[in-house]
Amino acid sequence: MEGGLLSSNDLAPLYDSAAWMYLFQDFSGSEADRRAERVAIRFGITAWPQHFLIDPTDLSVIGSTGRALDTFQQAFESAPKISGASSPTSEDLAAYDVLADRIQTANTTDLAKESLGHEDIVVRYCAVASLAEHEPTAVAQASGDLLSVEHDQLRFLVCQVLLKQPNPAVAPALEALLTNPSGSKNPNRLRCEVAKALGTSGGPSSLEILSTFGIGGSPNNSLTRYSLESVAAIARREASEDRGAAWKKAQEILVASFPVPPKGLPPGRELGDGPGDKVAQRQARSTARITHLARLVHELLEEQTGKTLPFPATYDAATRAALIARWSE
């Protein structure tokens, strides 16, 4: 990005149209790094690189440039004019940043507790981060309200707390967020965090929504794995001597989640025939990912049922059908 798009001569006419800011984090926890982190939090940056047009008076996002020359130019052309009037004011924002830094460096959680419902997202996030480290139960108790805040880092953090401090009362909120990750700039990552949290805070009602991301899910997407692991986790919690409806539903979901092997793999080509055989190499990678997912499903079923079945040396349409038949008995 820096060596290509941003240094392009085609962007020269835009150079004087904005004040350009480069944000860098080294994750060292230093004062400078914490300051950069707070900027990233304010704009909800969870994937890099990202480019935004910002109103400098209130730091609101007024345009997203994308990562291509044409979208960059379009963002500048369509951005609203800055009026000069802002809410919050620059003085407010400066005060918020001071408060957020105090929370980050405080030796107690008193200030964090006071700021848990603060109007400024950076202050609020820092409060949640402090409590997540020192008093996670406070975050779990407030998780219902916190999950409604349309901010990725905040929601990620709340979901991570719920892994160790479950709150079944927020299962409906998690289910809704898995269905519709509203306001997210990184919806797949948010869904991954929510799916994991449902493994500890979800219940029988969560199985159906998790199944939509587990059955037929891409083996390349971690969301598939997290959804299936949470299905199994819910089954373990809901297990009883008679293996009730939730246990049986979870087993049905897992059995249906054995991925379909790719069609048309020539015999003996699964590992590729050499560095020049790109087709065979792509097939090999695809087969490996699908087999890995199938093995995960198999292991989850073994864990859930207590049975031990051999996994086939080669995972193909025939062995998939055999596994489904054995696990459906």
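Use the structure listed above.
Residues numbered from 1 in each chain as written. Predicted model: local features only at pLDDT ≥ 70, side-chain atom pairs only at ≥ 80, totals over all residues. Heavy atoms only, no water.

Visitor: Quick one: what's the story with the overall build of the protein chain, residue by residue and with numbers?
Guide: Looking only at helices and strands, one finds 15 helices and 2 strands in the protein chain. Its C-alpha atoms put the protein chain at 70 × 55 × 35 Å along the principal axes. Expressed as a percentage of its 329 residues, the buried residues of the protein chain come to 43%. When the accessible surface of the protein chain is split by element, carbon and sulfur atoms take 52% of a total near 17,300 Å². Averaging the coordinates of the 31 positive side-chain charges in the protein chain and doing the same for the 40 negative ones gives two points 8 Å apart. (Helix = DSSP H or I, 4+ residues; strand = E, 2+ residues; numbered from the N terminus. Buried < 20%, exposed > 50% of the residue type's maximum accessible area, 1.4 Å probe, protein only. Areas by Shrake-Rupley, 256 points an atom, 1.4 Å probe, with all protein chains shown as cover. Lys, Arg positive; Asp, Glu negative; His and termini not counted. Charge placed at Lys NZ, Arg CZ, Asp CG, Glu CD.)

Visitor: Now, about the pattern of salt bridges: what can you tell me, with residues and values included?
Guide: Summed over the entire model, instances satisfying the criterion amount to 12 salt bridges. The closest approach of N and O atoms between Glu31 and Arg35, which form a salt bridge, is 3.9 Å. With Glu31 and Arg35 both in helix H1 (residues 31-42) and 4 residues apart, the pair spans about one turn of that helix. Two residues, Arg34 and Asp101, come together in a salt bridge whose shortest N-O distance is 3.4 Å. (Salt bridge = Lys/Arg side-chain N within 4 Å of Asp/Glu carboxyl O.)

Visitor: For the pairing of strand S1 (residues 52-55), give the residues involved together with the corresponding values.
Guide: The alternating pattern of S1 places Leu53 and Asp55 on a buried face, while none of Phe52 and Ile54, on the opposite face, is buried. The pairing of S1 with strand S2 (residues 60-64) spans 4 bridges and is antiparallel. Directly across from Leu53, in S2, lies its bridge partner Gly63. Linking S1 back to S2 in an antiparallel pair, the connection comprises 4 residues, with Leu59 at a positive phi of about 60°. (Pairing = 2+ DSSP bridges.)

Visitor: Please provide a residue-by-residue account of helix H13 (residues 245-256), values included.
Guide: For H13, spanning 12 residues, the distance from its first C-alpha to its last is 16 Å, which sits close to the expected 16 Å at 1.5 Å a residue. Residues of H13 that are buried include every one of Ala246, Trp247, Ala250, Gln251, Ile253, Leu254 and Val255, and no others. (Expected span 1.5 Å × (residues − 1).)

Visitor: Mind laying out unusual backbone geometry, listing which residues take part and the relevant values?
Guide: For Phe27, which is not a glycine, the phi torsion comes out positive at approximately 60°. Secondary-structure assignment places Phe27 in the segment before H1. By relative accessible area, Phe27 is classed as exposed at 62%. In this structure, Leu59 takes a positive phi of about 60° despite not being glycine. Position of Leu59 among the secondary structure elements: in the loop between S1 and S2. Owing to a relative accessible area of 30%, Leu59 belongs among the partly exposed residues under this scheme.

Visitor: Residues and numbers for the packing of helix H11 (residues 206-214) against H13, please.
Guide: Where H11 contacts H13, the axes come no closer than 10 Å and their chain directions differ by 5°. Classed by the angle they form, the pair H11 and H13 counts as roughly parallel. Counting all contacts with H11, which are made through Leu207, Glu208 and Ser211, the residues of H13 involved are Ala246, Lys249, Ala250 and Ile253. When the residues that make up the contact of H11 with H13 are grouped by side-chain class, the tally is 4 nonpolar, 1 polar and 2 charged. (Axes fitted to C-alpha atoms, helices over the stretch in contact; angles between N-to-C directions. Parallel < 35°, antiparallel > 145°, perpendicular 65-115°, else oblique. Contact = heavy atoms within 4.5 Å. Nonpolar A, V, L, I, M, F, W, Y, C, P; charged D, E, K, R; others polar.)

Visitor: Could you give me a rundown of H11, with the residues and numbers involved?
Guide: Within H11, 7 of the 9 residues are buried, leaving the element largely enclosed by the surrounding structure. Within the sequence span of H11, burial applies to Ser206, Leu207, Ile209, Leu210, Ser211, Phe213 and Gly214. Buried residues along H11 sit against helix H9 (171-179), helix H10 (187-201), helix H12 (222-238) and H13. Immediately beyond the C-terminal end of H11, within one or two residues, lies Gly216, with a positive phi of roughly 75°.

Visitor: Account for the nonpolar core, naming residues and giving values.
Guide: By size, the foremost hydrophobic cluster in this structure holds 71 residues, and its most contacted members are Leu174 and Leu178. Looking at this core, the element that brings in the most residues is helix H5 (residues 121-134), giving 9 residues. Other than its neighbours up to four places away in sequence, Leu174 contacts Leu147, Cys159, Leu162, Val194, Ala197, Leu198 and Ser201. Counting 7 residues, the second largest nonpolar core, distinct from the first, contains Leu14, Leu53, Phe72 and Phe76. (Core = buried A, V, L, I, M, F, W, Y, C linked by side-chain atoms within 4.5 Å.)

Visitor: Run through the packing of helix H8 (residues 152-164) against H10, naming residues and quoting values.
Guide: Closest axis-to-axis distance for the H8/H10 pair is 8 Å, and the angle between their directions is 25°. Comparing their axes, H10 and H8 come out roughly parallel. Where H8 crosses over H10, the handedness of that crossing is left-handed. Residues Asp152, Arg155, Phe156, Cys159, Gln160, Leu162 and Leu163 of H8 touch H10, and the partners they reach there are Arg189, Leu190, Glu193, Val194, Lys196, Ala197, Thr200 and Ser201. Residues of the contact of H8 with H10, tallied by class, amount to 7 nonpolar, 3 polar and 5 charged. (Left-handed = near helix turned anticlockwise from the far one by under 90°.)

Visitor: Run through the packing of aromatic side chains, naming residues and quoting values.
Guide: In the structure shown here, the tally under the stated rule is 6 aromatic pairs. Centre to centre, the rings of Tyr15 and Trp20 are 6.2 Å apart; their planes meet at 85°, and the pair counts as edge-to-face. By relative accessible area, which is 33% here, Tyr15 ends up partly exposed. Seen in terms of ring centroids, Phe43 and Phe52 are 6.4 Å apart; in terms of plane orientation they differ by 35°. Their pairing is tilted. Accessibility expressed as a relative area gives 10% for Phe43, which makes it buried. These aromatic residues form a ring-pair network of at least three members: Tyr15, Trp20, Phe72 and Phe76. A cation sits over an aromatic face here: Arg189 above Phe156, 4.1 Å from the ring centre. Sitting over the face of the ring of Tyr226, Lys196 holds its NZ or CZ atom 4.7 Å from the ring centroid. (Phe/Tyr/Trp six-rings, centres within 6.5 Å; stacked < 30°, edge-to-face > 60°. Lys NZ or Arg CZ within 6 Å of the ring centre and 35° of its normal.)

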